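Overview (structure and organization)
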Amino acid sequence: MTKTPMSAPADPASWSPETQLVHGGTLRSEFGETSEALFLTQGFVYTSAEQAEARFKNEDPGFQYTRFANPTVSMFEERLRLLEGAEMCRATATGMAAVTAGLLSFLSAGDHIVAARAMFGSCRYIVETLCPRFGIAMTLIDGRDLAQWEAAIKPNTKGFFFETPANPTLDLVDIAGVTAIAKKHGITTVVDNVFATPMLQRPLALGADVVVYSATKHIDGQGRCLGGAVLGSNKFLNDHLQDFFRQTGPSLSPFNAWVMLKSLETLPIRIRQQSASAAVVADRLAAAPGVNRVIYCGRDDHPQADIARKQMSGGGQMIAFEIEGGKEAAFRFQNALRLVRISNNLGDAKSLITHPATTTHFRIGPEARAELGISDGILRLSIGLENGDDIGADLDAALKAARA
Ligand SMILES: *Cc1c(COP(=O)(O)O)cnc(C)c1O
């Protein structure tokens with residue numbers, strides 16, 4: 001396989017997302033396989049010394065080494081790129097590798113970044129601990145408040161970083177509002193779009209420069225492989241990401257790329273089904289005795305429902321709720337569940353629940369938790385592909401047990 005022509009007859013950019021996710025990016029080999037091939041190889045052989053030379057001079061478009069690019073990984077990148085409507089996509093070994101590459105590829109000592117403080121724990125480490133160690137100053141703000149973004153800008157501010165909806169309280173950041181401020185000041189905006197998924201929210205269309213994913217979550221969607229992706233413009237790739245990516249090596253394994261490439265085929269129907277179940281479960285929880293508060297992006301009583309409606313095309317599959325009775329009730333509740341499993345992971349086909357105060361947000365301490373609204377009664381629920389009534393019945397029974 002010296003040349004790998006795109007077998008697609010039509011312009012994939014003109015296809016609907018569902019079609020892009022089945023056919024987009026396919027590189028069919030000389031054997032004409034229907035299902036995409038897994039190229040589990042580190043390197044590539046050249047037909048001649050001249051070809052090797054041409055490839056290293058970028059005069060021959062083939063592959064060189066899997067740390068740089070691999071046909072299976074390229075198929076995954078192209079499929080996700082089409083869905084996101086980005087100019088480029090680079091797949092990474094984990095979501096955190098994507099966040100790290102997305103930020104550190106363009107930031108340097110002496111720069112300053114502003115980030116929303118409600119975010120995934122490891123992302124907070126990158127911003128709060130790692131960046132300052134290398135001379136990149138940072139300011140953490142309440143990302144819900146546009147005025148705080150503007151007020152935090154300094155002459156050396158180079159980047160804005162946030163996730164929306166945020167883990168675990170589903171706080172939202174107004175993407176168009178923040179990117180408008182960023183553009184006025186020549187600031188690069190990086191958005192972690194994991195919770196919304198590329199099906200329900202399009203940060204690039206709303207003005208963001210870079211989008212990062214943990215593909216570990218909904219993109220795999222079946223709890224198997226770790227992976228991630230950075231998407232944005234060709235200019236960002238050429239000016240910043242390409243060299244950082246090739247030389248520091250956060251590359252995605254071809255095996256994991258293959259699993260997640262096949263997963264993309266079913267992403268739309270999975271997200272549709274999981275979101276529909278989540279909407280029903282959220283309403284059921286809101287009406288249940290023993291539940292103080294339900295936070296769901298698809299409900300009118302979400303504190304930022306107007307922003308959810310403006311920038312999300314669905315409520316998603318994540319729910320947060322506060323149980324009456326604090327940690328003890330939350331633990332009794334989790335221990336009484338028979339179907340929903342206790343796990344800090346999310347975006348799986350299996351419904352998963354976690355108690356952030358004692359797991360994902362244990363390390364940040366009680367003060368930071370209070371600041372983020374993570375009380376001891378808050379539980380985070382990731383709705384899977386089971387029947388929504390079965391999930392609801394399990395939650396109802398466990399709520400009863402927690403009150404007994
Ligand atoms: C899981 C997650 C990450 C990190 O992804 P990994 O694949 O676990 O490295 C980053 N951001 C958010 C919002 C996540 O949920």
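For the structure itself, look to the data block above.
To start, this report covers the structure provided alongside it. Only a predicted model underlies this, so the values are computations on that prediction, with no experimental measurement involved.

What counts, and where the lines are drawn
Residues numbered from 1 in each chain as written. Predicted model: local features only at pLDDT ≥ 70, side-chain atom pairs only at ≥ 80, totals over all residues. Heavy atoms only, no water. Near = heavy atom within 4 Å. Polar contact = N/O pair within 3.5 Å; in protein donor to acceptor, adjacent residues only side chain to side chain. Areas by Shrake-Rupley, 256 points an atom, 1.4 Å probe, with all protein chains shown as cover. Nonpolar A, V, L, I, M, F, W, Y, C, P; charged D, E, K, R; others polar. Axes fitted to C-alpha atoms, helices over the stretch in contact; angles between N-to-C directions. Helix = DSSP H or I, 4+ residues; strand = E, 2+ residues; numbered from the N terminus. Left-handed = near helix turned anticlockwise from the far one by under 90°. Contact = heavy atoms within 4.5 Å. Pairing = 2+ DSSP bridges. Right-handed = clockwise from strand over helix to strand, strands pointing away. Salt bridge = Lys/Arg side-chain N within 4 Å of Asp/Glu carboxyl O. Buried < 20%, exposed > 50% of the residue type's maximum accessible area, 1.4 Å probe, protein only.

Structural notes on the site of the ligand
Every one of the 13 residues lining the ligand counts as a neighbour, but Gly95, Asp192, Ser214, Thr216 and Lys217 are closest to it. One of the backbone nitrogen or oxygen atoms of Gly95 is found 2.8 Å away from an oxygen atom of the ligand. Here a nitrogen atom of the ligand sits 2.7 Å away from a polar atom, N or O, in the side chain of Asp192. Contact with the protein chains hides 91% of the accessible area of the ligand, taken as 380 Å² for the molecule alone. Each residue belonging to the shell around the ligand can be placed in one class, and the counts come to 5 nonpolar, 5 polar and 3 charged.

Side note on the packing of helix α4 (residues 95–104) against helix α5 (residues 121–133)
At their nearest, the axes of α4 and α5 sit 10 Å apart, and the two run at 40 degrees to each other. The interaxial crossing formed by α4 with α5 has right-handed handedness. Contacts from Met96, Val99, Thr100, Leu103 and Leu104 of α4 reach α5 at Ser122, Cys123, Ile126, Val127, Leu130 and Cys131.

Quick word on the pairing of strand β3 (residues 137–141)
Where strand β2 (residues 112–116) meets β3, 5 bridges bridge the pair, whose relative direction is parallel. Across the sheet, residue Ala115 finds its bridge partner in β3, namely Leu140. The parallel pair β2 and β3 is bridged by α5, and the resulting crossover is right-handed.

What to know about the pattern of salt bridges
Summed over the entire model, instances satisfying the criterion amount to 22 salt bridges. Glu78 serves as the salt-bridge partner of Arg81, at 2.9 Å between the closest nitrogen and oxygen. Placement of the pair is Arg81 and Glu78 together in helix α3 (residues 71–84), with a separation of 3 residues, close to one helical turn. Here Glu78 falls in the partly exposed class, since its relative accessible area comes to 21%. Among the ionic pairs, Arg299 bridges to Asp301, the shortest N-O distance being 2.8 Å. One salt-bridge network, in which partners are shared between bridges, spans Glu36, Arg79, Lys262 and Glu265.

That's the geometry; what it means functionally is another story.
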